[in-house]
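For reference, the chains in residue letters:
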Amino acid sequence: MIMQQEIKQARKRFIAMAVTYFLGVFNDNFFKQAVLLLAVSAGMSGLQGRATELFSLPFILFSAWGGWLADRFIKRRVVIGVKFLELAAMLIGAYGIITVNWNWVMAMIFLMGLQSTLFGPALNGSIPELYPPEYVTTANSILKLVTTLAILSGMALAGFALDLNIPPMTDSFGSMVVAVTVVVVALFGVLASFGVYSRPATGGRVPFPWTGPLHSIRDLCGLRKDPLLLLTVGCDSFFYFISLLAVLVINTLGLDQLGLSKSATSILSVSLMLGVCIGAFVAAKLTTDKRWTHVLAPGATGMGLSLGAAGLLVQAVPAAPFYGLLFLLVGAGFFGGLFLIPVTAFIQIRPSADSRGRVIAASNFLAFLGMWCSGRIFTVMDTWLQPAVSMIVLGSVAVGVGLLLWLLPLRSLD
């Protein structure tokens with residue numbers, strides 16, 4: 001009864017948090033997908049890898065700073081300040097995409113990564129402050145549904161926006177729509193951030209982590225005292241590594257190998273995210289804060305089998321059925337969501353209140369180190385492999401991780 005009252009009281013505050021998160025995630029994915037599609041259609045598919053590296057770099061360099069801010073200051077103030085940084089980034093990106101200046105676009109992508117670096121620990125660390133531990137997994141699944149919807153709409157609308165052709169602005173109207181949209185959404189994000197709630201800071205006078213990445217590495221090494229938490233952080237990093245590589249491969253698969261339009265290619269990526277949304281909902285039903293490790297091995301294995309099957313379908317049938325490919329990608333996303341949600345919740349619940357931001361920041365550091373590597377690896381794969389073959393390789397890696405998780409005595413780690 002008491003827990004139900006706490007959940008009801010937190011609902012309005014959670015809505016403000018969810019809206020703030022939704023707008024930020026939408027902007028990130030809308031702009032990034034537009035840039036990636038423009039690069040591939042211009043014969044510059046390798047730019048996808050460089051953009052991914054630039055977006056990930058701030059997480060590698062400054063994750064410790066984001067964790068320090070989340071522990072040292074009231075999280076609400078951190079969120080508001082970061083949303084103003086997002087607005088500045090979107091203004092830079094709007095100019096770059098209108099003038100087709102790739103240097104400005106890349107600068108904006110770096111700033112997007114920086115604001116996400118500082119934003120994540122503050123907002124994610126607010127969830128355990130808002131809800132009792134028993135409800136954190138459910139709250140995360142709801143937030144994942146919201147953010148996945150943001151990813152879905154952002155990635156889908158990017159392709160449709162770029163395909164808009166209105167004479168006499170046929171070549172530039174779509175880019176203009178993208179530019180205006182990201183600035184307007186960023187403005188609404190600033191307004192929504194004022195409704196975010198958090199408790200007073202609990203981190204005390206913790207010294208500022210001037211060493212940045214070295215500090216994050218030390219924090220990760222400190223997780224050896226808690227093997228299950230360390231494994232969970234590793235699983236989180238693996239998910240983002242494999243899922244980002246899959247999105248990059250899907251873009252070249254759709255535009256280059258299958259000859260699809262930007263809109264249809266975006267729908268392929270959207271199907272992956274739709275599956276994550278469904279998997280997140282199922283994960284909330286199948287797991288609790290006490291029992292969740294049983295979904296890790298099936299999640300990784302299913303994700304790998306689905307990705308591999310999608311690659312095999314295209315490789316075996318050059319004119320692969322579009323809806324069959326969509327079905328397999330939804331399946332890959334479903335198992336990915338099943339894998340990710342309990343991992344995210346455990347990383348938020350396990351640390352003590354005064355170290356939660358630091359642990360989340362260390363997790364972000366490792367996750368985006370994986371994403372940075374995915375940008376590098378994609379550049380190599382794009383040079384030497386067909387997109388369908390790359391998809392098969394990704395599926396094989398995920399199946400291998402799944403088999404490893406089947407063999408590990410996960411219950412004994414807790």
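Our subject is the structure that appears above.
Residues numbered from 1 in each chain as written. Predicted model: local features only at pLDDT ≥ 70, side-chain atom pairs only at ≥ 80, totals over all residues. Heavy atoms only, no water.

1. Here we look at the pattern of salt bridges
Enumeration over the complete set of coordinates arrives at three salt bridges. Notably, a salt bridge pairs Glu53 with Arg376, separated by 3.2 Å at the nearest N-O pair. With Glu53 in helix α2 (residues 46-72) and Arg376 in helix α13 (residues 356-384), this pair connects stretches of sequence that are 323 residues apart. In this structure, Asp226 engages Arg350 in a salt bridge whose closest nitrogen and oxygen atoms are separated by 2.7 Å. Residue Asp226 is found in the loop between α8 (213-222) and α9 (227-257), and its partner Arg350 is found in the loop between α12 (322-349) and α13; the two are separated by 124 residues along the sequence. Here Asp226 falls in the buried class, since its relative accessible area comes to 18%. (Salt bridge = Lys/Arg side-chain N within 4 Å of Asp/Glu carboxyl O. Helix = DSSP H or I, 4+ residues; strand = E, 2+ residues; numbered from the N terminus. Buried < 20%, exposed > 50% of the residue type's maximum accessible area, 1.4 Å probe, protein only.)

2. Some details on unusual backbone geometry
Excluding glycine, residues mostly carry a negative phi; peptide bonds, for their part, are mostly trans. Here the phi dihedral of Val100 falls at roughly 55 degrees; this positive angle occurs in a residue that is not glycine. Assignment of secondary structure puts Val100 in the loop between α3 (75-99) and α4 (102-124). Here Val100 falls in the exposed class, since its relative accessible area comes to 57%.

3. So, the packing of α2 against α13
At a minimum axis separation of 8 Å, α2 and α13 run at an interaxial angle of 170 degrees. Judged by the inter-axis angle, α2 sits roughly antiparallel to α13. Counted by class, the contact of α2 with α13 contains 12 nonpolar, 12 polar and six charged residues. (Axes fitted to C-alpha atoms, helices over the stretch in contact; angles between N-to-C directions. Parallel < 35°, antiparallel > 145°, perpendicular 65-115°, else oblique. Nonpolar A, V, L, I, M, F, W, Y, C, P; charged D, E, K, R; others polar.)

4. A short note on a nonpolar patch on the surface
Together, Ile98, Met176, Val180, Val184, Phe188 and Leu191 make up a nonpolar patch on the protein surface, roughly 540 Å² of accessible area in all. Within the secondary structure, Met176 is located in helix α7 (residues 173-193). (Patch = residues over 30% accessible without salt bridge, like charges linked within 9 Å, V, L, I, M, F, W, Y side chains within 5 Å. Areas by Shrake-Rupley, 256 points an atom, 1.4 Å probe, with all protein chains shown as cover.)

5. Overview of the side chain of Thr20
Its place among the elements puts Thr20 in helix α1 (residues 2-41). Among residues more than four places away in sequence, those in contact with Thr20 are Val79, Lys83, Phe119, Gly189, Ala192, Ser193 and Val196. (Contact = heavy atoms within 4.5 Å.)

6. Side note on the packing of aromatic side chains
On inspection of all chains with the given rule, the structure shows 13 aromatic pairs. Taking 6.4 Å as the distance between ring centres and 15 degrees as the angle between the ring planes, the aromatic pair formed by Phe22 and Phe26 counts as stacked. Here Phe22 pairs with Phe26, and both are found in helix α1, just four residues apart, close to one helical turn. Looking at Phe22, the relative accessible area reads 23%, which means it is partly exposed. Taking the relative accessible area as the measure of exposure, Phe26 reaches 9% and is therefore buried. Ring centres of Trp292 and Phe346 lie 4.8 Å apart, and the angle between their planes is 40 degrees; on these two criteria the pair is classed as tilted. Within this pair, whereas Trp292 is found in the loop between α10 (262-286) and α11 (296-316), its partner Phe346 is found in helix α12, the two being separated by 54 residues in sequence. Grouping residues by exposure puts Trp292 and Phe346 together as buried. Through pairs of rings, three or more aromatic residues link up here, namely Phe22, Phe26 and Phe30. Over the aromatic face of Phe55 sits the side chain of Lys32, whose NZ or CZ is 4.0 Å from the ring centroid. Taking NZ or CZ as reference, Lys83 lies 5.3 Å from the ring centre of Phe119, over its face. (Phe/Tyr/Trp six-rings, centres within 6.5 Å; stacked < 30°, edge-to-face > 60°. Lys NZ or Arg CZ within 6 Å of the ring centre and 35° of its normal.)

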